[in-house]
Structure formats: structure tokens, C-alpha cells
Amino acid sequence: MAEDPDGSRAPLLPGTVESPVHPALSFLGKVMVSVLPIASIVIGAVYLGQCPRQHLLPYYLVVGGSTVLLFLLLSCLPCGDGTDPPELSPGARGWRALFLLFLFAWFIAGNVWVYSIYPPEYKDPHNPNFCHRLLYLFAFWVTTLVYVGLGVALLAALCILGCLLLLRARLPWLQQGDRYP
């Protein structure tokens, strides 16, 4: 709590929640994040039918990329008058949950499709174990990078938690609960 000029105590953080990121920067970030789903759609569509060993691999890229792109697009749409942060309706939260559940299930299916054929035949297109090199390696590394990103996020969360626990042990007023000096 901080002291106001009149001597009353005011909270350090105001009750209103504003995004610390400018809307233009948020939009630019979403455009940069959409590069990988667009590349997934393009590579999956170009090499459709060029992986007889696992014919669902191009569909994994096309459907996964399309779903992520649609999710990003729907998160960009303005949902309010711009004065307050928009509140998600229960229906919108339900659709968002369904999207994420579908993406999770599709990712698990893609893991099976990608890792079950490792390594495919890259050279002879007439071999039944053939899979186009670019198609397979792109799907392999996109799937693997999701795991790398999750690992980095988990490690960062654990580091932040450790820092907060150390900070709590070092600051005496934090050891006493929510009371401030």
C-alpha cells in the first residue's frame, strides 16, 4: 500500500486491468506468429500425396496450420467498444476451449503420424516407405519445436517460482502473510 497525499492508503496496483502492450505491437506479434501456420499450410498443400508411408502427414500440417491461423484471427477481432478490455462471453470461452481441445488432440495424432515413421525413405518415390524430405522434416521439426517451447516455458516458470520463493524468504514482511510494514 502507498500513502496518498491526504494520508489515506491506496493500493499500489490500480483495480483496472490494461494491457501493457500497445494494440499495434500485439497485432504485429500475431502476424509474426502466424508465419509458421502459413508455412505449414503451404508445405502440406504443395506436398499433398507425396508421403505414401504416412498419407496423413500433409493433412496434419494443413489442418493444424489452418486451425492455429483461425484461432489467431479470432483473437484479433475487436470485441468491445475499445474503452474497457472486452469480457469474453461464456459462448466465446466455450469455442476457445473447443479450439484448444481440438488442437491438443490433433497435436497428439500428429505425434503418432510423425514419429511412427522415423526415418522414412527420402530417395525413391516408388518405395512404399517414401516420404518427401521437406514435408517430413518440416512436420518433424514443427512437432519437436512445440516440445522445446513447452520445456522452455516450464523451465522459465520454475525459475520464476524459485525466485519468488527466495524473495519471500529474504523479505521479512512477506514471511508474515499479507501485512505490509
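Residues numbered from 1 in each chain as written. Predicted model: local features only at pLDDT ≥ 70, side-chain atom pairs only at ≥ 80, totals over all residues. Heavy atoms only, no water.

## A word on the overall build of the protein chain
Right, so step 1: Per the secondary structure count, the protein chain includes six helices and two strands.
Right, so step 2: What you see in the protein chain, going N to C, is helices and strands ordered as β-β-α-α-α-α-α-α.
Right, so step 3: A fraction of 63% describes how many contacts in the protein chain between residues 6 or more apart in sequence connect residues 24 or more apart.
Right, so step 4: Summed over its atoms, the accessible surface of the protein chain is roughly 13,100 Å², and 72% of this surface lies on carbon and sulfur atoms. (Helix = DSSP H or I, 4+ residues; strand = E, 2+ residues; numbered from the N terminus. Contact = heavy atoms within 4.5 Å. Areas by Shrake-Rupley, 256 points an atom, 1.4 Å probe, with all protein chains shown as cover.)

## Observations concerning the state of the cysteines
Right, so step 1: For the coordinates displayed, the defined rule picks out one disulfide.
Right, so step 2: Disulfide partner of C51: C131, at an S-S distance of 2.1 Å. Since a negative S-S torsion denotes a left-handed disulfide, the C51-C131 link at about -110° is left-handed. You can see C51 sitting in the loop between α2 (35–46) and α3 (57–76) and its partner C131 sitting in the loop between α4 (90–115) and α5 (133–170), a full 80 residues away along the chain.
Right, so step 3: The class of C51 is buried, set by a relative accessible area of 2%. (Disulfide = S-S within 2.5 Å. Buried < 20%, exposed > 50% of the residue type's maximum accessible area, 1.4 Å probe, protein only.)

## A closer look at the packing of aromatic side chains
Right, so step 1: Across all of its chains, the model carries ten aromatic pairs by this definition.
Right, so step 2: Between F71 and F99, the ring centres sit 5.9 Å apart and the planes meet at 40°, which makes this aromatic pair tilted. Taken together, the residues F71 in helix α3 and F99 in helix α4 connect sequence positions 28 residues apart.
Right, so step 3: A residue is classified by how much of its surface remains accessible, and F71, at 22% relative accessible area, is partly exposed.
Right, so step 4: Classification of F99 as buried rests on a relative accessible area of 16%.
Right, so step 5: An angle of 85° between the planes, with centres 5.5 Å apart, marks the rings of Y115 and F140 as edge-to-face. Of the two residues, Y115 sits in helix α4 while F140 sits in helix α5, which places them 25 residues apart along the sequence.
Right, so step 6: Residue F140 is classed as buried on the basis of its relative accessible area of 15%.
Right, so step 7: The cationic tip of R133 hangs over the ring face of Y122; the distance from NZ or CZ to the ring centre is 4.9 Å. (Phe/Tyr/Trp six-rings, centres within 6.5 Å; stacked < 30°, edge-to-face > 60°. Lys NZ or Arg CZ within 6 Å of the ring centre and 35° of its normal.)

## Remarks on the confidence of the model for the protein chain
Right, so step 1: Per-residue pLDDT for the protein chain averages 82, and the proportion of residues at 70 or more is 77%.
Right, so step 2: In the model of the protein chain, strand β1 (residues 2–3) stands out as the element of lowest mean pLDDT, 49, in contrast to α2, which has the highest, 96. (pLDDT = per-residue confidence, 0-100.)

## Considering the packing of α2 against α5
Right, so step 1: Where α2 contacts α5, the axes come no closer than 10 Å and their chain directions differ by 150°. Here α2 is positioned roughly antiparallel relative to α5, judged by the angle of their axes. Two packed elements cross with a definite hand, and for α2 against α5 that hand is left-handed. Seen from α2, the contacting residues are L36, A39, S40, I43 and G44; seen from α5, they are L135, F138 and V142.
Right, so step 2: When its residues are assigned to classes, the contact of α2 with α5 shows six nonpolar, two polar and no charged. (Axes fitted to C-alpha atoms, helices over the stretch in contact; angles between N-to-C directions. Parallel < 35°, antiparallel > 145°, perpendicular 65-115°, else oblique. Left-handed = near helix turned anticlockwise from the far one by under 90°. Nonpolar A, V, L, I, M, F, W, Y, C, P; charged D, E, K, R; others polar.)

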